[in-house]
Amino acid sequence: MINIHEVIETNNMIEHDNLDVRTITIGISLLDCAGSTVAETCEKITEKILRIAGNLVKTGEDISKEYGIPIVNKRVSVTPVSIITAAFPEKAPLVGQALDHAAETLGIDFLGGYSALVHKATADYERVFIRTIPEVLASTKRLCASVNVGS
């Protein structure tokens, strides 16, 4: 049971110590979204993200109101895109654009997962994918990228 002293202490932390929740994140597996074409893949990815994370921003706002603690960022994290685009890595930027569009539609702050996992070895498709990262980051607003080179 929360007592009055804990409520006062929390209020003081919010007012004086800038207490907040930095980020809330929903993780979404996109493994079932790989299609035979980039267009099909983009369509499946967009639909799944919008369906699963459609209430993320509202839920974050509701939690913030209920507890009186600001939630700074709302984020979606997805399966590393290099895996989903292994059949057409040179077209991965189109998937990046679809991810960014989904993030903008949802009103989230950022979407992580334009990524490659090369900590054990680097396949040809991953080399091609990695070369797309600068272009994609330069042409999107909410997308985050990474390359995992160690574990």
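Structure's up top.
Reading guide: rules and limits
Residues numbered from 1 in each chain as written. Predicted model: local features only at pLDDT ≥ 70, side-chain atom pairs only at ≥ 80, totals over all residues. Heavy atoms only, no water. Salt bridge = Lys/Arg side-chain N within 4 Å of Asp/Glu carboxyl O. Helix = DSSP H or I, 4+ residues; strand = E, 2+ residues; numbered from the N terminus. Buried < 20%, exposed > 50% of the residue type's maximum accessible area, 1.4 Å probe, protein only. Lys, Arg positive; Asp, Glu negative; His and termini not counted. Contact = heavy atoms within 4.5 Å. Pairing = 2+ DSSP bridges. Axes fitted to C-alpha atoms, helices over the stretch in contact; angles between N-to-C directions.

Considering all chains together, one arrives at 5 salt bridges under this definition. Among the salt bridges present, the one from Glu 40 reaches Lys 44, with a minimum N-O distance of 3.4 Å. With Glu 40 and Lys 44 both in helix α2 (residues 38-53) and 4 residues apart, this pair spans about one turn of that helix. Relative accessible area serves as the criterion here: at 29%, Glu 40 is assigned to the partly exposed category. Salt-bridge contacts for Asp 62 lead to Lys 58; the nearest nitrogen and oxygen are separated by 2.8 Å. With Asp 62 and Lys 58 both in helix α3 (residues 56-67), this residue pair falls 4 residues apart, about one helical turn. According to the relative accessible area criterion, Lys 58 is partly exposed, its value standing at 49%.

For Asp 100, the location among the structural elements is in helix α5 (residues 92-106). Despite its burial, Asp 100 remains without a salt bridge, the nearest opposite charge being carried by Arg 142 at 5.4 Å. Ignoring anything within four residues of it in the chain, the contact list for Asp 100 reads Thr 140, Lys 141, Arg 142 and Leu 143.

Turning our eyes to something else, we now look at the sheet that holds strand β3 (residues 110-117). Sheets are built from strands paired through backbone hydrogen bonds, the pairs being either parallel or antiparallel. Pairing within the open sheet is parallel, and its 4 strands lie in the order β1-β2-β3-β4. The outermost strands of the open sheet, each flanked by one partner alone, are β1 (21-28) and β4 (143-148). Sheet twist, expressed as the average angle between the axes of neighbouring strands with direction ignored, equals 25°. Taken together, the 3 bridges between strand β2 (residues 71-78) and β3 define a ladder with parallel strand orientation. Its bridge partner being in β3, Arg 75 is matched across the sheet by Phe 110.

Purely geometric stuff here, so don't read any function into it on its own.
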